[in-house]
Every structure is written in structure tokens, then in C-alpha cells.
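Architecture and fold: a report
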Amino acid sequence: MSNITFTMIKPDAVKAGHIGAILAKINEAGFRIKAMKMTKLSAEKAGQFYEVHKERPFYGELCEFMSSGHIVAAILEKENAVADFRTLIGATDPAKADEGTIRKMFAKSMGENAVHGSDSAENALIEGSFFFSALEQF
Ligand code: CMP
């Protein structure tokens, strides 16, 4: 069981003013914020972050979108963090996300889907280290 996950509040949700509401949902669900920053990815950095999707048809669109505005990156801690956070955010496609999930409430589409959540404990560590040094994790 993993107790760390990584998230980004994506440019669509930041532009729409949903940072506070999304962080409140994360806190209410029992996650502790271990590291957090607002930043902006270059297209190149977004490409590195999502390199695993390089061969997918949506890769170019994904990198363009993820570098189109500010994002909030955070490392979250909770028992069973990866699975519980994926439940909290809901399906990748907001049309398929359950009521009450973050994507159901705030996402616009499959591409502009408000938040990212790591898909495994291993990726949570890799993704967290992409944004935060050891000294920035509390
Ligand atoms: P995320 O959880 O950040 O991980 C990969 C992202 O790729 C995903 O959220 C979506 O935003 C995006 N994505 C996945 N499938 C598609 C798709 N079919 N079209 C556009 N974007 C997609």
C-alpha cells in the first residue's frame, strides 16, 4: 500500500479559479500536503513529464495544454494514497466520473480534466521528484 501520491491542478482549473475549492476537497478527504508549488511548465518540460504517453495521438495536444498556463503541483500523503486519490478525482473522462468527484465537479473534457493523479506508487515518487527536491518535501 502506498502512502504518497502526486497531483497537479491543471491550467483549466487554475484559470477558472478552482484552486481553493480543489484543495479543500483534498483536505476534506484526509490528505496531508507534503509539498506544494504553483509553477508553469514549458512545452518541453510537459513533454518530459508525460513522456510515457509519447506515442499516443493526444500527446501533442496534452503537452500544449499543460504548458498553456499555471499549474499547482503537490505531493500528498495518506494511507492508500494512490488508490484513494484516484477515487477522489474520478474517471479521466469527466463525463464518466462519479458524482461528487473532483473531475465531475470541475473538469471540462478528457483533455482539460482539472487534475492529475499518479497511477502507481512508483510513478508517484518519480512525478513528485520531477517537481520537488528532497529539501522541499515535509
Ligand atoms: P492525466 O491523469 O494527467 O494523465 C494523462 C492525461 O492525458 C490525462 O490525464 C488526460 O488529460 C490526457 N488524456 C488521456 N486520454 C486522452 C484523450 N483521449 N484525449 C485527450 N487527452 C487525453
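Everything below is about the structure printed above this text.
Quick summary incoming for the structure in this document. (Residues numbered from 1 in each chain as written. Predicted model: local features only at pLDDT ≥ 70, side-chain atom pairs only at ≥ 80, totals over all residues. Heavy atoms only, no water.)

1. Looking at the pattern of salt bridges
Where we set the bar: Salt bridges are defined by distance alone: a side-chain nitrogen of Lys or Arg within 4 Å of a carboxyl oxygen of Asp or Glu. The rule is simple: take the accessible area with a 1.4 Å probe, protein chains only, and divide by the maximum for that residue type; under 20% is buried, over 50% is exposed, in between is partly exposed.
Tallying each qualifying case throughout the model produces six salt bridges. As a salt-bridge pair, Glu99 and Lys104 come within 4.0 Å of each other at their nearest N and O atoms. Lys104 gets classed as partly exposed once you look at its relative accessible area, which sits at 33%. Between Glu112 and Lys108 there is a salt bridge, and its shortest N-O distance comes to 3.9 Å. Judged by its relative accessible area of 31%, Glu112 is partly exposed. On the basis of relative accessible area, Lys108 is assigned to the exposed category, the value being 58%.

2. A closer look at the site of the ligand
Threshold: For this purpose, a residue is taken to be near a molecule or strand whenever a single non-hydrogen atom of the residue falls within 4 Å of it. Definition of a polar contact: a pair of N or O atoms within 3.5 Å, with one able to donate and the other able to accept a hydrogen when the atoms are protein atoms, and with sequence-neighbouring residues admitted only if both atoms are side-chain atoms. Only the protein chains shown count as cover for residues, and the accessible areas themselves come from Shrake-Rupley with a 1.4 Å probe. Following the grouping adopted for this structure description, the nonpolar residues are Ala, Val, Leu, Ile, Met, Phe, Trp, Tyr, Cys and Pro, the charged ones are Asp, Glu, Lys and Arg, and the polar ones are all others, Gly among them.
Taken together, Lys10, Tyr50, His53, Phe58, Glu61, Leu62, Thr92, Arg103, Met110, Gly111, Asn113 and His116 make up the full set of residues adjacent to the ligand. Measuring from an oxygen atom of the ligand, one finds a side-chain N or O atom of Tyr50 at 2.6 Å. The contact in question runs from an oxygen atom of the ligand to an N or O atom on the side chain of His116, over 2.9 Å. Its free accessible area being 460 Å², the ligand has 81% of it covered by the protein chains. Residues of the shell around the ligand, tallied by class, amount to four nonpolar, five polar and three charged.

3. Let's talk about the sheet that holds strand E4 (residues 115–117)
Strand pairing in a sheet takes place through backbone hydrogen bonds and is either antiparallel or parallel in direction. Cut-off, in case you're wondering: For two strands to count as paired, DSSP must find a minimum of two bridges between them. Secondary structure elements are taken from DSSP: a helix is a run of H or I of four residues or more, a strand is a run of E of two residues or more, and numbering for both begins at the N terminus. The axes are straight lines fitted to the C-alpha atoms, using for helices just the contacting stretch, and the angles between their N-to-C directions are given from 0 to 180°.
Read across the open sheet, the four strands follow the order E2-E3-E1-E4; overall the sheet is antiparallel. The two strands at the open ends of the sheet, each matched to only one other strand, are strand E2 (32–40) and E4. Between one strand axis and the next, the sheet turns by 15° as a mean value, whatever way the strands run. As judged from the three bridges shared by strand E1 (residues 4–9) and E4, these two strands associate in the antiparallel manner.

4. Observations concerning the packing of aromatic side chains
The cut-off we apply is this: Aromatic pairs are defined between Phe, Tyr and Trp rings, using the six-membered ring for Trp, whenever the two ring centres lie within 6.5 Å; interplanar angles under 30 degrees are classed as stacked, those over 60 as edge-to-face, and all others as tilted.
In total, this model carries eight aromatic pairs according to the counting rule given. Between Phe6 and Phe49 the ring centres are 5.8 Å apart and the planes differ by 45°, which places this aromatic pair in the tilted class. In this pair, Phe6 sits in strand E1 while Phe49 sits in helix H3 (residues 43–49), placing the two residues 43 residues apart along the sequence. The exposure class of Phe6 is buried, given its relative accessible area of 0%. Here the aromatic cluster, defined as three or more aromatic residues joined through ring pairs, consists of Phe6, Phe49, Tyr50, Phe130, Phe131 and Phe132.

5. Quick look at unusual backbone geometry
For Asn80, which is not glycine, the phi torsion reads 55° and is therefore positive. Its place among the elements puts Asn80 in the loop between strand E3 (70–77) and helix H5 (81–89).

6. So, the nonpolar core
Defined as follows: The definition of a nonpolar core used throughout is a set of buried Ala, Val, Leu, Ile, Met, Phe, Trp, Tyr and Cys residues joined through side-chain atoms within 4.5 Å. Only heavy atoms matter for contacts: two residues are in contact if any of them lie within 4.5 Å across the pair.
Formed by 19 residues in total, the largest nonpolar core has its most connected members in Ile9, Ile22, Ile26, Phe31, Phe85 and Ile102. Broken down by element, this core gets its largest block of residues, four residues, from H5. Filtering out sequence-adjacent residues up to four positions away, Ile22 remains in contact with Ile9, Ala13, Ile102, Phe106 and Val115. Residues Phe6, Met8, Leu62 and Phe65 belong to the second largest nonpolar core, which totals 18 residues.

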